[in-house]
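Descriptive analysis of the structure
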Amino acid sequence: MNRQQFNKYLNGRSFPSRNTMRKLCDFFGVEETEFLMEPSEFSELVRIRAPHEQRRITELPHLQHVHRLMERSRGNLDQYVGYYYRYFFSYGYPGHIVKSLVAIFAVDGFYYSKNIGHFHIPDDTGQERVWFRYLGTVLHIQDRIYALEYEDRLQDMVAETILYPAYRTHRNFLSGVQCTLAGSRSRTPSAGRVVFEYLGRYIDALNALRHCGLFSENSESIPKYILERIDNRAKGQDYVLSALE
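Residues numbered from 1 in each chain as written. Predicted model: local features only at pLDDT ≥ 70, side-chain atom pairs only at ≥ 80, totals over all residues. Heavy atoms only, no water.

**Focus: the overall build of the protein chain**
This is how the line gets drawn: What counts as a helix is a DSSP run of H or I of at least four residues, what counts as a strand is a run of E of at least two, and both are numbered from the N terminus. Each residue's exposure class comes from its accessible area (1.4 Å probe, protein chains only) as a fraction of the maximum for that residue type: buried when under 20%, exposed when over 50%, partly exposed otherwise. In this analysis, two residues are considered to be in contact whenever any of their non-hydrogen atoms come within 4.5 Å of each other. Working definition of accessibility: Shrake-Rupley area with a 1.4 Å probe, residue cover restricted to the visible protein chains.
Scanning the protein chain for helices and strands turns up 7 helices and 9 strands. Sorting the 245 residues of the protein chain into buried and exposed places 36% on the buried side. Partitioning the intrachain contacts of the protein chain with sequence separation of at least 6 by distance along the chain shows that 48% fall at a separation of at least 24. As displayed, the protein chain offers around 15900 Å² of accessible surface, 52% of which is attributable to carbon and sulfur atoms.

**A few points about the pairing of strand 6 (residues 158–163)**
Test applied: Note: two strands are recorded as paired if DSSP finds a minimum of 2 bridges between them.
Of the two faces of strand 6, the one holding A159, T161 and L163 is buried and the one holding V158, E160 and I162 is not buried anywhere. Pairing geometry for strand 5 (residues 144–151) and strand 6, over 6 bridges, is antiparallel. Across the sheet, L148 pairs through a bridge with E160, a residue of strand 6. Here strand 5 folds back onto strand 6 in antiparallel fashion, the turn holding 6 residues, of which Q155 has a positive phi close to 55°. Where strand 6 and strand 7 (residues 173–181) come together, 4 bridges link them in antiparallel fashion. Within strand 7, the position partnered with L163 by the bridge is G176.

**Some thoughts on the confidence of the model for the protein chain**
Heads up, the condition is: Every residue gets a pLDDT, meaning the predictor's confidence in that residue, from 0 to 100.
Taken as a whole, the protein chain shows an average pLDDT of 84; of its residues, 88% reach a score of 70 or greater. Here helix 4 (residues 39–59) stands out as the least confident element of the protein chain, with mean pLDDT 67; strand 1 (residues 82–89) is the most confident, with 96.

**Some thoughts on the nonpolar core**
Rule in force here: By nonpolar core we mean a set of buried residues, namely Ala, Val, Leu, Ile, Met, Phe, Trp, Tyr and Cys, connected to one another through side-chain atoms within 4.5 Å.
With 24 residues, the main nonpolar core has Y80, Y84, I145, L174 and F196 as its most contacted residues. Elements with a contribution of two residues or more to this core: strand 1, strand 2 (96–107), strand 3 (110–120), strand 4 (129–141), strand 5, strand 7 and strand 8 (189–200). Excluding anything up to four places from it in sequence, L174 contacts Y80, Y84, I145, L163, Y164, P165, A166, V194, V195 and F196. The next biggest cluster of nonpolar side chains, apart from the first, holds 13 residues, and it includes C212, F215, I222 and I226.

**Description of the packing of aromatic side chains**
Here is the rule we go by: Here a pair means two rings of Phe, Tyr or Trp (six-membered ring of Trp) with centres within 6.5 Å. Their orientation is stacked below 30 degrees between planes, edge-to-face above 60, and tilted elsewhere. Working rule: Lys NZ or Arg CZ, within 6 Å of ring centre, within 35 degrees of ring normal, means a charge sits over the ring.
Per the stated rule, a full pass over the model turns up 9 aromatic pairs. When the centroid spacing of 6.3 Å and the interplanar angle of 70° are considered together, the rings of F132 and Y134 count as edge-to-face. Across the pair, Y134 and F132 agree in class, each one buried. An aromatic cluster of three or more residues is present, and its members are Y93, F119, F132 and Y134. The cationic tip of R74 hangs over the ring face of F110; the distance from NZ or CZ to the ring centre is 4.2 Å. Of note, K99 hangs over the ring of Y85, and the distance from its end group to the ring centre comes to 4.1 Å.

**Structural notes on helix 1 (residues 3–10)**
To be explicit about the condition: For the purposes of these results, a polar contact is taken to be a pair of N or O atoms within 3.5 Å, where, inside protein, one atom must be able to donate a hydrogen and its partner to accept one; residues adjacent in sequence count only when each atom of the pair is a side-chain atom.
Structurally, the start of helix 1 carries an N-cap: the backbone nitrogen of Q4 is 3.2 Å from a side-chain oxygen of N2. Trailing helix 1 by a residue or two, G12 shows a phi angle of about 80°, which is positive.

**Focus on a nonpolar patch on the surface**
Rules: Here the term patch refers to residues with relative accessible area over 30% and no salt bridge, with like charges joined within 9 Å and nonpolar side chains (Val, Leu, Ile, Met, Phe, Trp, Tyr) within 5 Å. Salt bridges, as used here, are contacts in which a Lys or Arg side-chain nitrogen is within 4 Å of a carboxyl oxygen on Asp or Glu.
A surface patch of nonpolar side chains, amounting to about 280 Å² of accessible area, comprises L148, Y150 and V158. Tracing the backbone through its elements, the reader meets L148 in strand 5.

**A look at the pattern of salt bridges**
All told, the structure shown has 5 salt bridges when counted by the stated rule. Notably, a salt bridge pairs E71 with R74, separated by 2.8 Å at the nearest N-O pair. When its relative accessible area of 37% is taken as the criterion, R74 is described as partly exposed. Two residues, R144 and D143, come together in a salt bridge whose shortest N-O distance is 3.9 Å. For D143, a relative accessible area of 36% translates into the label partly exposed.

**Section: helix 2 (residues 18–28)**
For clarity, the cut-off: Throughout, the arc means the angular range of directions from the helix axis out to the C-beta atoms.
Considered for burial, the residues of helix 2 that qualify are T20, M21, L24 and C25. For helix 2, the angular spread of buried residues about the axis comes to 140°, placing them on one side. Among the exposed residues of helix 2, those pointing more than 90 degrees away from its buried face are K23, D26 and F27. Here the buried face of helix 2 lies against helix 1 and helix 3 (32–35). In the segment just after helix 2, G29 is the residue with positive phi, at about 70°.

Structure follows, in structure tokens:
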């Protein structure tokens, strides 16, 4: 939803469709009838509900652990907020590299991620384009960055990524390992190296997304230094797959 359209809703110049209204209600955690209340009544409702929701989090055992980790991450990831290109070898199309767009952002002191990508299926007519979007929570624990993500559309897949932080003042690259499933068909648990390339806090996201896709490992679109960082082949006496610092 673009800002101009959202502002029309806020100032009463336009009214959202039923589908949009449902999305707004789901996002903010309110009912449609509550959205239509007088502003003063709605503000009072939110003020009363906020402490109750906070108590509810602490009362549910399975949420206490996640909330505790998110609290520990407060303020530790501010320098990593922004946009990144994400590179990794495809789990479903051998010999190809996925390049997607990742945003790390903060809401009320907690950190989240949104990973969006698209590509044409290789060895096909090129007419079928695959889109994907992963949403996640980003944590900072013991000097490492953790991202726990889930596939947003079908909600049938969860991925975990662990990254090295940037030890210098710049954060051009974050290297790590991610674990997910090989694809919608095989569902084989798989892991591979991954690189986040920093783009900036404020970018033209649509233009950046145009440069994403599925590329051959020999493609000139994938820099050599990226290819070396995501190479999953074992080297020397390696017995496990580790991230490259």
